[in-house]
Amino acid sequence: MLILLPPSEGKTPAARGAALDWDSLAFPALNARRAEVLEALGTVSAHEDALALLGVGASLRDDVVRNTRLHAEPAAPAHRIYSGVLYDALGYESMSAAQRRKADDAVLVISALWGAIRFCDSVPAYRLSMGTALPDVGRLAPFWKPHLAAALAPVAEGQLLVDCRSSTYAAAWAPPPERTAAVNVFTETGGVRKVVSHFAKHTRGELARHLLTRRGKAPATPQALLKAAQEKWTAELVPGTARRPHALNIILPG
């Protein structure tokens, strides 16, 4: 089983530590592309209109300035750098040592800057969204798509992929639909369902934690994933097609 997560918009910078070590990152075939994006990001972040070009507000100015010196910034494991609703609900730090090892193996973060990294990969905090267009690189989802397809195909072979990404990050890599289940979250009141956003992030984090900490074997099929989800939630599985993944719908009370 592989659990696909988006990065958090907010990051928690490492207070101290060594700088980025390219050779330590998973999927080293992506390093040339990572360096290309990093250079473009540094150039944009040094521009006088950097906030507008990156689509962020004035409160994030320090984050954008940090983008100009990422080679020298202290790095820390991704599970410490990424923060926010989903990652708080996943609760990596409160897991047992065995559960953390399982998360290190199972979780892939699809990133606008790094392409894809594992939970234990050390990276600096940065500010960049997959929806951004960078000079000489273009929009990041189509930029990454062929590179991620090549780099991730071997690791995804034979695995169930639990896709907890938002649509922006899902556009960067489409894993084999027959072995992928996209996680959707709804509230239901009086038989009427509504898509939720904040609670979707929280519930996806809770689902990831449940899959990593529950007893027994990890689910290997979409049907087994449904059974695992039903241990905690009302859930249903919408079968996929040749081009569209399965959908695991989790329904919360309204």
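Data block above holds the structure.
All residue numbers refer to positions counted from 1 along the written sequence of the respective chain. Restriction of local features to residues with pLDDT of at least 70 applies here, the model being predicted, together with a cutoff of 80 or more for giving and counting side-chain atom pairs; totals for whole chains, interfaces and linings are based on all residues. Water and hydrogen atoms were dropped before computing side-chain values, which therefore reflect all heavy atoms in the structure.

### Observations regarding the packing of aromatic side chains
Two rings from Phe, Tyr or Trp (for Trp, the six-membered ring) form a pair when their centres sit within 6.5 Å of each other. Planes less than 30 degrees apart are called stacked, planes more than 60 degrees apart edge-to-face, and all others tilted. What the rule picks out here adds up to seven aromatic pairs. On the numbers, 6.1 Å between centres and 70° between planes, the contact of Trp 22 with Trp 114 is edge-to-face. Highlighted residues: Trp 22 in the loop between strand 1 (2-5) and helix 1 (31-45) and Trp 114 in the loop between strand 3 (107-111) and strand 4 (115-118), separated in sequence by 92 residues. By relative accessible area, which is 0% here, Trp 114 ends up buried. Relative to Phe 119, the ring of Tyr 87 has its centre 6.1 Å away and its plane inclined at 35°; by these criteria the two rings are tilted. In this pair, Tyr 87 sits in helix 5 (residues 85-90) while Phe 119 sits in the loop between strand 4 and strand 5 (122-123), placing the two residues 32 residues apart along the sequence. The secondary structure listing takes helices from DSSP runs of H or I that are at least 4 residues long and strands from runs of E that are at least 2 residues long, numbered from the N terminus. Relative accessibility decides the category of a residue: with a 1.4 Å probe and only protein chains considered, values under 20% of the type maximum give buried, values over 50% give exposed, and everything between is partly exposed.

### Here we look at helix 7 (residues 140-156)
What is called the bend at a residue is the angle between a pair of axes, fitted to the seven residues leading up to and ending at it and to the seven starting from it. Helix geometry: helix 7 is bent most strongly at Leu 148, by close to 35°. Listed in full, the buried residues belonging to helix 7 are Leu 140, Ala 141, Phe 143, Trp 144, Leu 148, Ala 151, Leu 152, Val 155 and Ala 156. Immediately downstream of helix 7, the backbone of Gly 158 shows phi near 75°, a positive value.

### What about the layout of surface pockets?
Looking at the largest pocket, its volume works out to about 380 Å³. Elements supplying a minimum of two residues to the lining of the largest pocket: helix 5, strand 9 (180-189) and helix 9 (198-213). Here the nonpolar group is Ala, Val, Leu, Ile, Met, Phe, Trp, Tyr, Cys and Pro; Asp, Glu, Lys and Arg are the charged ones; every other residue, Gly included, is treated as polar. Partitioned by chemical class, the residues of the lining of the largest pocket number 12 nonpolar, seven polar and four charged. Only protein atoms enter the 1 Å grid used here. Points where a 1.4 Å probe fits but cannot escape make up a cavity, open sets with protein on both sides within 12 Å along at least five of seven lines make up a pocket, and a residue lines them when an atom lies within 4 Å of a point. Grid points are joined across faces, edges and corners, and a volume is the space filled by probe spheres set on the points. Considering only enclosed or pocket space, the second largest pocket measures out at about 310 Å³ in volume. What lines the second largest pocket is a set of 18 residues, among which Asp 163, Arg 165, Ala 170, Ala 182 and Pro 245 lie closest to the centre. Here the lining of the second largest pocket gets four residues from one element, more than from any other, and that element is strand 9.

### Some thoughts on the environment of Leu 237
Along the chain, the position of Leu 237 falls in strand 11 (residues 234-238). Put simply, Leu 237 and Ile 250 are 13 residues apart on the chain and 8.9 Å apart in space, counted from C-alpha to C-alpha. Contact between two residues is taken to exist if any of their heavy atoms lie within 4.5 Å; hydrogens are not considered. Ignoring anything within four residues of it in the chain, the contact list for Leu 237 reads Pro 222, Gln 223, Leu 226, His 246, Ala 247 and Leu 248.

### Details of the pairing of strand 12 (residues 246-253)
Of all eight residues that make up strand 12, seven are buried, and the element is covered over most of its length. Any two strands with at least two DSSP-identified bridges between them are counted as paired. Across five bridges, strand 11 lies against strand 12 in antiparallel orientation. The partner of Thr 234 across the bridge, within strand 12, is Ile 251.

### Remarks on the pattern of salt bridges
By salt bridge we mean one thing: a side-chain nitrogen of Lys or Arg within 4 Å of a carboxyl oxygen of Asp or Glu. All told, the structure shown has 11 salt bridges when counted by the stated rule. Residue Arg 127 is joined to Glu 9 by a salt bridge in which the shortest nitrogen-to-oxygen separation is 3.7 Å. Taken together, the residues Arg 127 in the loop between strand 5 and strand 6 (133-134) and Glu 9 in the loop between strand 1 and helix 1 connect sequence positions 118 residues apart. Overall, Arg 127 belongs to the buried group, its relative accessible area being 11%. Taking the shortest distance from any N to any O, the salt bridge between Glu 231 and Arg 214 comes out at 2.7 Å. One end of the pair, Glu 231, is in the loop between helix 10 (222-229) and strand 11; the other, Arg 214, is in the loop between helix 9 and helix 10, with 17 residues separating them in the sequence. Judged by relative accessible area, which is 46%, Glu 231 ranks as partly exposed.

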